[in-house]
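Examining the three-dimensional arrangement
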Amino acid sequence: MTQIDDAALALQGGQLVAFPTETVYGLGADAANPTAVARIYEAKQRPTNHPLIIHVSSVDQMDYWAIDIPEYARLLAKAFWPGPMTLILQRSDAAKDFVTGGQPSVGLRVPNHPVALELLRKYESLGGKGVAAPSANLFGRVSPTTADAVSAELSSRLSDKDMVLEGGSSAVGIESTIIDCTKAAPSILRPGAITEEMISDVTNLSLIQRDSDIRVSGALDSHYAPRAKVFLNIEPKPGQGLIALASEPTPVGVFRLCSPEDVNEYAQQLYSALRLADEKEISEVVAITPSGDGIAIAIRDRLSKASFGN
Ligand code: TXA
Ligand code: MG
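All figures in this text were calculated on a predicted structure; none of them were measured in a lab.

1. Details of the overall build of the chain
What the chain contains, in helices and strands, is 10 helices and 14 strands. Relative to the globule expectation of 19 Å for 310 residues, the C-alpha radius of gyration of the chain, 19 Å, shows essentially globular dimensions. Principal axes of the C-alpha set define a box for the chain whose edges measure 60 × 50 × 30 Å. Relative to its full complement of 310 residues, the chain shows a buried share of 57%. Across the chain, the fraction of contacts at a sequence separation of at least 24, relative to all contacts at a separation of at least 6, is 66%.

2. Focus: helix α4 (residues 71-80)
Helical geometry: 3.6 residues make up each α-helical turn, so side chains three or four residues apart lie on a common side. Of the residues making up α4, those classed as buried are Tyr72, Ala73, Leu76, Ala77 and Phe80. Summarising the axial view, the buried residues of α4 lie within an arc of 140 degrees, below the 170-degree limit, and thus occupy one face. For α4, exposure combined with an orientation more than 90 degrees from the buried face picks out Glu71 and Lys78.

3. Here we look at the domain arrangement of the chain
Split by domain assignment, the chain resolves into domain 1 (3-203) and domain 2 (229-306). Listed per partner, the contact involves 21 residues of domain 1 and 14 residues of domain 2. If you sort the residues of domain 1 by the area they bury against domain 2, Val142, Ile174 and Pro191 come out on top, with a joint share of 42%. Our enumeration of links across domain 1 and domain 2 arrives at 2 salt bridges. Joining domain 1 to domain 2, the criterion identifies 7 residue pairs in polar contact (both at pLDDT 80 or more).

4. Considering the sheet that holds strand β12 (residues 241-243)
Strand order in the open sheet formed by 4 strands is β11-β14-β12-β13, and the pairing between neighbours is parallel. Every interior strand has two partners, whereas the edge strands, β11 (229-232) and β13 (255-258), have only one. Going across the sheet, the axis of each strand differs from the next one's by a mean of 30 degrees, ignoring polarity. Across 3 bridges, the pairing between β12 and strand β14 (residues 284-287) is parallel. Among the inter-strand pairings, Gly241 is bridged to a residue of β14, identified as Val285.

5. A closer look at the confidence of the model for the chain
Looking at the chain, pLDDT values average 95 and 96% of them are 70 or higher. Between residues 211-215, whose pLDDT stays under 50, and residues either more than four places distant or in other chains, the model counts 12 contacts.

6. Focus: the environment of Asp60
For Asp60, the position within the fold is in the loop between β3 (53-55) and α3 (62-65). A C-alpha to C-alpha distance of 10.0 Å links Asp60 and Ala77, two positions 17 residues apart in sequence.

7. Quick notes on a nonpolar patch on the surface
Taken together, the side chains of Met1, Leu9 and Leu126 define a hydrophobic patch exposed on the protein surface, amounting to about 310 Å² of accessible area. Within the secondary structure layout, Leu9 lies in helix α1 (residues 3-12). Judged by its relative accessible area of 38%, Leu9 is partly exposed.

8. Quick word on the nonpolar core
Ranked by internal contacts, the top residues of the largest apolar core, which has 45 residues, are Leu27, Leu76, Leu87, Leu89 and Leu108. The set of elements that each furnish at least two residues to this core consists of β2 (26-30), α2 (34-44), α3, α4, β5 (85-91), β6 (105-109) and α7 (147-154). When neighbours within four sequence positions are excluded, Leu76 is seen to be in contact with Trp81, Met85, Leu87, Ile179, Cys181, Ile199, Val202 and Thr203.

9. Focus: the packing of helix α9 (residues 263-279) against helix α10 (residues 295-306)
Close contact between α9 and α10 brings their axes to 9 Å; oriented N to C, the two are set at 30 degrees. Judged by the inter-axis angle, α9 sits roughly parallel to α10. For α9 against α10, the interelement crossing comes out left-handed. Residue-level contacts link Val263, Asn264, Tyr266, Ala267, Leu270 and Tyr271 of α9 to Ile295, Ala296, Ile299, Arg302 and Leu303 of α10. Per-class residue counts for the contact of α9 with α10 are 9 nonpolar, 1 polar and 1 charged.

10. So, the packing of α1 against helix α6 (residues 114-125)
Interhelical geometry of α1 versus α6 gives an angle of 55 degrees and a closest axis separation of 9 Å. When the axis of α1 is compared with that of α6, the two are oblique. Crossing geometry of α1 relative to α6 is assigned as right-handed. Counted together, Ile4, Asp5, Ala7, Ala8, Leu11 and Gln12 of α1 and Val115, Glu118, Leu119, Lys122 and Tyr123 of α6 form the full contact between these two elements.

Rules and cut-offs
Residues numbered from 1 in each chain as written. Chains lettered and ligands numbered in written order. Predicted model: local features only at pLDDT ≥ 70, side-chain atom pairs only at ≥ 80, totals over all residues. Heavy atoms only, no water. Helix = DSSP H or I, 4+ residues; strand = E, 2+ residues; numbered from the N terminus. Rg over C-alpha atoms; globule rule 2.2 N^0.38 Å. Buried < 20%, exposed > 50% of the residue type's maximum accessible area, 1.4 Å probe, protein only. Contact = heavy atoms within 4.5 Å. Arc of directions from axis to C-beta. Domains from an automatic or database assignment. Buried area = accessible area lost by both parts, 1.4 Å probe. Salt bridge = Lys/Arg side-chain N within 4 Å of Asp/Glu carboxyl O. Polar contact = N/O pair within 3.5 Å; in protein donor to acceptor, adjacent residues only side chain to side chain. Pairing = 2+ DSSP bridges. Axes fitted to C-alpha atoms, helices over the stretch in contact; angles between N-to-C directions. pLDDT = per-residue confidence, 0-100. Patch = residues over 30% accessible without salt bridge, like charges linked within 9 Å, V, L, I, M, F, W, Y side chains within 5 Å. Areas by Shrake-Rupley, 256 points an atom, 1.4 Å probe, with all protein chains shown as cover. Core = buried A, V, L, I, M, F, W, Y, C linked by side-chain atoms within 4.5 Å. Parallel < 35°, antiparallel > 145°, perpendicular 65-115°, else oblique. Left-handed = near helix turned anticlockwise from the far one by under 90°. Nonpolar A, V, L, I, M, F, W, Y, C, P; charged D, E, K, R; others polar.

In structure tokens, the structure reads:
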């Protein structure tokens, strides 16, 4: 038996399994088991009206959890799954209120990470239909991109039978793009590595404005926040931490938290840099946000939430 076999059995038994994905680590439970899913909310201290994403191993599971799937959503699934994209669809009877936060829609994603995919396949071979998983952090805090970060954040809230699977550093580093597919055309609820341009290229549709009646916890003004106070685009002072592209100089006395060479590396290193600030007990962090489109939009979104109110 491998550790992933054990983890699939743990899910079947109603335990929690934290697992790596290419975006961030997730805290998983059987999406059909209300008691197991309730434990996710308890461990994260997350309000129960915030819906969870159901993770599945392939597009074939879409029609189990969703109905009335528009053609453009199928095109997106075919183009970008497995990958850093979550589709919001009309839910089927299988997706219960305890997973969808009472909403008539369901979020689905096929993650692109070998450990996650093997876990999902093994779990499905045991009869499982999907794994509900939010990011494996306390509500409102920074998402973990390593197994160590998951353990540091949640181990005191997990039982002996719960598991944390190791899978290296998440390659993308920020959460999936969430796309509302319940309307005539797609709209982005949370920006990520799958960009507006990629979505319109694949669907041949222009995106519509986001719908504020759908609840996305990442859409709260304050979110993704470390203990340190985050300030954007000001000159860093001695004693403060700095998150910026490597091309940006580090003033004397400023603590460099990461030195990404480009925006993809910036996304990949962002959350571990914010965690490093807390580990080093740096109380103030300055982030110089990257300009431009693509994943830079998602980086600015996360940093503006991490810095909210400062
Ligand atoms: O990259 C990711 O998406 C990661 C990995 C683990 O897959 N997961 C993640 O989950 O970021 P979480 O729960 O931290 O954020 C998911 C967001 C939440 O803001 C939630 O409100 C939104 O997705 N969401 C889930 N189902 C939804 C639905 N039916 N309608 C609207 N928003 C939904
Ligand atoms: Mg989250």
